[in-house]
Amino acid sequence: MSDQRRQDDEEPTWGSFSARGKLLAVVGITGLGVGVAALVMLFLLLMVLLVTAAFSDSIEFDGAGTLLWAALLCLPCGLLAGVFTAPVRFLLRLNPPSQRTRQAVEALCSCLTTFLAALFVLEFTPGLHAANPWLPSAAATVLGIVANLVLDRAQSRPKRRPHSRQRR
């Protein structure tokens, strides 16, 4: 009896799925990945649109396709910017200072990475021309800081539980 209960309690492995089950799992995970990627791209496109609208006098673009290119280039440019700030982060992990100093340096590295990524996007996007790319890059960094603050606030909020009815 206990052997049968152990078999029932075990989680299924990949080998225990049928061919149809494996196909459904692959399609589901792929759909989830595409959905998350689409949400990230929509968020990046919104950020590009906000910065472009805020600095419409100093940023010129050839068409809507240029803004899509800018959103697509945000991720590779962010990775390239991360290459420049990674040594500081690695040194910080090797020689850990106080908690407060470490948090301040991490925040500074994050801001610098965002600034460099925005600067790279403005420079590398075909059809996007900025007269002075420093100010829009700084604005994108501020947008990133505000987005992080909003996310931190939303995560730290206590979860509301629905009121349960009391039995009398």
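Look above for the structure.
Structure report, in brief. Model, not experiment: these values are computed from the prediction.

## What about the overall build of the protein?
- Check the secondary structure of the protein and you find five helices and two strands.
- Mapped in sequence order, the helices and strands of the protein form the string α-α-β-α-α-β-α.
- The buried share of the protein, reckoned over its 168 residues, is 23%.
- Relative to all contacts within the protein whose residues are 6 or more apart in sequence, the contacts with residues 24 or more apart total 65%.
- Looking at the protein as shown, the accessible area adds up to about 13,200 Å², and 64% of this sits on carbon and sulfur atoms.

## Some words on helix α3 (residues 64–94)
- Across its 31 residues, α3 extends 45 Å between first and last C-alpha, which sits within 8% of the 45 Å expected from 1.5 Å per residue.
- Along α3, the largest kink reaches about 45 degrees and is centred on T85; proline P87 follows within four residues of it.
- Considered for burial, the residues of α3 that qualify are T66, L67, A70, A71, L73, C74, C77, A81, T85, A86 and L92.
- Among the structural elements, α2 (19–54), β1 (59–61), α4 (99–124) and β2 (128–130) are those in contact with the buried residues of α3.

## As for the side chain of S137
- Turning to its location among the elements, S137 is positioned in helix α5 (residues 134–156).
- What makes S137 buried here is its relative accessible area of 0%.
- Among the polar contacts listed, one links the side chain of S137 to the backbone nitrogen of L119, at a separation of 3.3 Å.

## A short note on a nonpolar patch on the surface
- Among the surface-exposed residues, I29, L32, V36, V40 and L75 lie close enough to one another that they form a single nonpolar patch of about 460 Å² accessible area.
- In terms of residues, the nonpolar patch owes the most to one element, α2, which gives four residues.

Each value, and the rule that gives it
Residues numbered from 1 in each chain as written. Predicted model: local features only at pLDDT ≥ 70, side-chain atom pairs only at ≥ 80, totals over all residues. Heavy atoms only, no water. Helix = DSSP H or I, 4+ residues; strand = E, 2+ residues; numbered from the N terminus. Buried < 20%, exposed > 50% of the residue type's maximum accessible area, 1.4 Å probe, protein only. Contact = heavy atoms within 4.5 Å. Areas by Shrake-Rupley, 256 points an atom, 1.4 Å probe, with all protein chains shown as cover. Expected span 1.5 Å × (residues − 1). Bend = angle between axes of the 7 residues up to and from the residue. Polar contact = N/O pair within 3.5 Å; in protein donor to acceptor, adjacent residues only side chain to side chain. Patch = residues over 30% accessible without salt bridge, like charges linked within 9 Å, V, L, I, M, F, W, Y side chains within 5 Å. Salt bridge = Lys/Arg side-chain N within 4 Å of Asp/Glu carboxyl O.

Geometric descriptors of this kind do not, in isolation, establish any biological role.
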